[in-house]
Amino acid sequence: MNNIRFAFDFRFAGYGRYIVTYTTPARGDYWRAHITDMTLIDDTKNAEAPTLAAFCRLRDAVKRNGTHYRRNGKPIED
C-alpha cells in the first residue's frame, strides 16, 4: 500500500481545493483534477495510516473529473 501513495501528487490550490495528479505505474499516463472534497484529501494525504480503499476512492474521483495526459504531457482526446 505504500507504493500507491507515491502515485499521487497533491498541490494546494486555494482554500478547500487541491490539484491532485494520479500517475499510472505501468504506462506513466496521468490524470490531473481539482478536488474540493476535503474528506478524500483528509483520508489520504493527511491521514496517519491511509487505507487502500481511500486511495481507490481518490483515484476514481481524479480519473472521473480530471484531464487524461500521456507520459509526454500531451492531453489524450476522448
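I will try to describe carefully the structure that is included in this document. Bear in mind the structure is a predicted one, so any value in this text is a computation, not a measurement.

Parameters at a glance
Residues numbered from 1 in each chain as written. Predicted model: local features only at pLDDT ≥ 70, side-chain atom pairs only at ≥ 80, totals over all residues. Heavy atoms only, no water. Helix = DSSP H or I, 4+ residues; strand = E, 2+ residues; numbered from the N terminus. Rg over C-alpha atoms; globule rule 2.2 N^0.38 Å. Buried < 20%, exposed > 50% of the residue type's maximum accessible area, 1.4 Å probe, protein only. Areas by Shrake-Rupley, 256 points an atom, 1.4 Å probe, with all protein chains shown as cover. Lys, Arg positive; Asp, Glu negative; His and termini not counted. Charge placed at Lys NZ, Arg CZ, Asp CG, Glu CD. Pairing = 2+ DSSP bridges. Core = buried A, V, L, I, M, F, W, Y, C linked by side-chain atoms within 4.5 Å. Contact = heavy atoms within 4.5 Å.

**Here's the deal with the overall build of the chain**
No. 1: A tally of helices and strands in the chain yields three helices and four strands.
No. 2: When the helices and strands of the chain are read in sequence order from the N terminus, they spell out α-β-β-β-α-α-β.
No. 3: Taking 78 residues into account, the globule formula puts the C-alpha radius of gyration at 12 Å, and the chain, at 12 Å, falls close to it.
No. 4: Taking all 78 residues of the chain together, 35% fall into the buried category.
No. 5: On the chain, roughly 5,200 Å² of surface is accessible, and the fraction owed to carbon and sulfur atoms is 48%.
No. 6: If the 13 positive side-chain charges of the chain are averaged to one point and the 9 negative ones to another, these points end up 6 Å apart.

**With respect to the pairing of strand β3 (residues 30–35)**
No. 1: Where strand β2 (residues 18–23) and β3 come together, six bridges link them in antiparallel fashion. Residue pairing across strands places Thr-23 opposite Tyr-30, the latter belonging to β3.
No. 2: From the end of β2 to the start of β3, which pair antiparallel, there are six residues, and Gly-28 there has a positive phi angle of about 90°.
No. 3: Bridge analysis of β3 against strand β4 (residues 67–69) gives three bridges, and the strand direction is antiparallel. From the neighbouring strand, Trp-31 faces β4, where its bridge partner is His-68.

**Brief notes about the nonpolar core**
No. 1: Counting residues in each nonpolar core, the largest one holds 16 residues, and the members touching the most others are Phe-8, Phe-10, Val-20, Ile-35, Leu-58 and Val-62.
No. 2: Listing elements by their share of this core, those giving two or more residues are β1 (8–12), β2, β3, α2 (38–44) and α3 (52–65).
No. 3: Phe-8 has contacts with Val-20, Thr-21, Tyr-22, Phe-55, Leu-58 and Arg-59, leaving out every residue within four places of it along the chain.

Remember, this is a structural readout, not a statement about activity or role.
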